[in-house]
Amino acid sequence: MALHCTALSFFTTSVSSNPRASTSPHWFGGPTSFRGKCSLKSSPSSSPPSPRFMFQGEALGSGNGALDRDESSLVVCFGEMLIDFVPTTSGLSLAEAPAFKKAPGGAPANVAVGIARLGGASAFIGKVGEDEFGYMLADILKENNVNNEGMRFDTGARTALAFVTLRKDGEREFMFYRNPSADMLLQESELDLELIKKAKIFHYGSISLITEPCKSAHIAAAKAAKEAGVILSYDPNLRLPLWPSAESARQGILSIWDTADIIKISEEEICFLTNGEDPFDDNVVRKLYHENLKLLLVTEGPEGCRYYTQEFSGRVKGLKVEAVDSTGAGDAFVAGILSQLASDTSLLPDEDRLRDALEFANACGALTVTERGAIPALPTREIVLNAMLKSVA
C-alpha cells in the first residue's frame, strides 16, 4: 500500500512500557518526556469487586451491540479520528516490522464507538480528509451506530495516520503523520451546534486545543454545550510531542480545566500537571479538583481507578486479564462510565452506585487490551457483564 503523505510531517518517539502506566490510547505517544520527575510508588491494595451489577440499561440478548438508543442520553464526542497502523508481528521496531494492519482510532472517536457498542447513543464531531481513509472512518462510525452527521471532510489535508509498535525491549515506538492533518483544520463555522446542544454529555480531549482553527472550534463547541446545560467531560489525553513545549502543553490543558464537570486523568498526567508531585497522594490530586467539578477520575491501568467528588473518594479495583495491546483501553473506560452517567446522572452523588458504574468502566478498559487495535477491540455490554460475573464466580 503506497501512502501519499507529501503534505504531512511526522514525529517519532519511544515510550517506556510501564505496567502501572495510563491505559489512555496512545495516539501521538505517551507523556513520558517528564519521566523521572516523580516516582510512581505502589498504591494501596484495592477492595475486591462488588457483586452488585446494578448498571443502567438492559443487558444485550446478543453480542451485536444493538439496543434501542435513547437520544435523551446522547453523548457527543469532539476531536480527532485517524488511522492507526499496527505491525502484524509483535515485538519488532517500526523499521523491522514486515507489514502493518490498519485500524481506526483517535480518542474521541473511540469513546463514541465504545458508547454505541455498550448500547448507548453517541455522536462524533470532527474532521477527516476527503480521501479513502476519511470515508472509511465515516463508514465505520455509521456501521457502529454512531451519529456522524457532525463529521466534516477537508479537501486540502489528509486524514491523520499513526504508526505504533511495542518492541521486545518494552519500548513503545510511534510515528505520526500530521501537520496539518484534517482534524487540525475544523472551523467554528463547520460545527453542528444543534447536535451539540441536544447532548446529555459533551466529551473532548486536549489535542484539539493545540492549533488553530480547531482550537477556536473546540472552545466554541464547549461554550455552546455549557450554555445549553450539557455536562462537559474532559480527558486531557496528553501527547507531549505534539505541543510546542511542555509548558505550552501544561497551560493549554489547564486553560479549559475549570469548565469541565467530569475529568479523567492518568497518574502520569497528574505528575505532569503538578510539576512532578506524587500522583498517589490524595492531597496532590485534590489540587486539581476545582469547585464546580462533579467527578475526578484517575486511571491506574490494570490496578483500576480512583474517584473523587466533593463528598467522597475511593478506589475501585480493575479486572485482571491477559493484555495483548493497550490501545484504546482508556477510551473504553471513559465510554463505560459515560454510558452509565448519560443514562442516569443521579448516580454521581451515590457512592455505592458510582462504584458499580466504575467497576463496569474498569472492565470495559480491561477487555479492550485483550485484542489488537482500539475500535476493533471495544466490547459490547453483554461481553462486559459476562466477564464481570465470571470474575466473582
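Residues numbered from 1 in each chain as written. Predicted model: local features only at pLDDT ≥ 70, side-chain atom pairs only at ≥ 80, totals over all residues. Heavy atoms only, no water.

**Notes on the packing of helix α8 (residues 329-343) against helix α9 (residues 351-368)**
Okay, step 1: Orientation of α8 relative to α9, taken along the N-to-C sense of each, is 150°, at an axis distance of 7 Å. Of the possible angle classes, the one that applies to α8 and α9 is roughly antiparallel. Considering how the two elements wind past one another, α8 and α9 form a crossing that is right-handed. Judged by residue contacts, A329, A332, F333, G336, I337, S339 and Q340 of α8 engage L354, A357, L358, F360, A361, N362, C364, G365 and T368 from α9.
Okay, step 2: Partitioning the contact of α8 with α9 into residue classes produces 10 nonpolar, 6 polar and no charged. (Axes fitted to C-alpha atoms, helices over the stretch in contact; angles between N-to-C directions. Helix = DSSP H or I, 4+ residues; strand = E, 2+ residues; numbered from the N terminus. Parallel < 35°, antiparallel > 145°, perpendicular 65-115°, else oblique. Left-handed = near helix turned anticlockwise from the far one by under 90°. Contact = heavy atoms within 4.5 Å. Nonpolar A, V, L, I, M, F, W, Y, C, P; charged D, E, K, R; others polar.)

**Regarding the pairing of strand β14 (residues 313-317)**
Okay, step 1: Sheet analysis places strand β13 (residues 304-308) next to β14, joined by 5 bridges and oriented antiparallel. Looking across to β14, one finds that Y307 is bridged to G314. (Pairing = 2+ DSSP bridges.)

**Some remarks on the nonpolar core**
Okay, step 1: One finds M81, I337, L338, L341 and L358 to be the most contacted residues of the largest nonpolar core, which totals 60 residues.
Okay, step 2: For this core, the leading source of residues is α9, giving 9 residues.
Okay, step 3: Ignoring any residue separated from it by four or fewer positions in sequence, one finds L358 in contact with L297, C305, Y307, V316, F333 and I337.
Okay, step 4: Membership of the second largest hydrophobic core comes to 47 residues, among which are C214, A222, L232 and I263. (Core = buried A, V, L, I, M, F, W, Y, C linked by side-chain atoms within 4.5 Å. Buried < 20%, exposed > 50% of the residue type's maximum accessible area, 1.4 Å probe, protein only.)

**A short note on the pattern of salt bridges**
Okay, step 1: Using the criterion set out here, one finds 13 salt bridges in the structure.
Okay, step 2: Across the pair D154 and K127 runs a salt bridge, and its minimum N-O distance is 3.0 Å. Taken as a pair, D154 in strand β6 (residues 147-154) and K127 in strand β5 (residues 122-129) lie far apart in primary sequence, 27 residues in all. Accessibility classification places D154 together with K127 in one group, the buried group.
Okay, step 3: Here E303 and K320 are joined by a salt bridge, their closest N and O atoms 3.7 Å apart. Taken as a pair, E303 in the loop between β12 (295-299) and β13 and K320 in the loop between β14 and α8 lie far apart in primary sequence, 17 residues in all.
Okay, step 4: When its relative accessible area of 26% is taken as the criterion, E303 is described as partly exposed. (Salt bridge = Lys/Arg side-chain N within 4 Å of Asp/Glu carboxyl O.)

**Details of the environment of S206**
Okay, step 1: Topologically, S206 is positioned in the loop between β9 (201-204) and α4 (214-227).
Okay, step 2: A relative accessible area of 0% means that S206 is categorised as buried.
Okay, step 3: In sequence terms S206 and I256 are 50 residues apart; their C-alpha atoms lie 9.0 Å from each other.
Okay, step 4: Contacts of S206, omitting those with residues within four sequence positions, involve Y234, D235, P236, N237, W243 and I253.
Okay, step 5: A polar side-chain atom of S206 sits 2.4 Å from the main-chain carbonyl oxygen of P236. (Polar contact = N/O pair within 3.5 Å; in protein donor to acceptor, adjacent residues only side chain to side chain.)

**Overview of the confidence of the model for the protein chain**
Okay, step 1: Per-residue confidence for the protein chain averages 84 on the pLDDT scale, and 81% of its residues sit at or above 70.
Okay, step 2: Taken as a whole, residues 1-37 scores under 50 in pLDDT and shows 129 contacts with residues more than four places along the chain or in a different chain.
Okay, step 3: Here residues 39-68 is modelled with pLDDT under 50, and outside its nearest four sequence neighbours on either side it reaches 68 contacts, counting other chains as well. (pLDDT = per-residue confidence, 0-100.)

**Focus: the sheet that holds strand β2 (residues 75-78)**
Okay, step 1: In space, the 9 strands of this open sheet follow the order β6-β5-β2-β9-β10-β11-β12-β13-β14, with mixed pairing throughout. One side of each edge strand has no neighbouring strand; the edge strands of this open sheet are β6 and β14. Averaged over all adjacent pairs, the angle separating strand axes in this sheet is 15°, with direction ignored.
Okay, step 2: In this sheet, β13 lies alongside β12 in antiparallel orientation, the contact comprising 4 bridges. Residue pairing across strands places V298 opposite R306, the latter belonging to β13.
Okay, step 3: On the sheet, helix α1 (residues 107-117) packs against β2, β5 and β9 and is oriented at approximately 145° with respect to β5.

**As for the environment of G229**
Okay, step 1: Tracing the chain through its elements places G229 in the loop between α4 and β10 (231-234).
Okay, step 2: Along the chain, G229 and K197 lie 32 residues apart, while their C-alpha atoms are 8.1 Å from each other.

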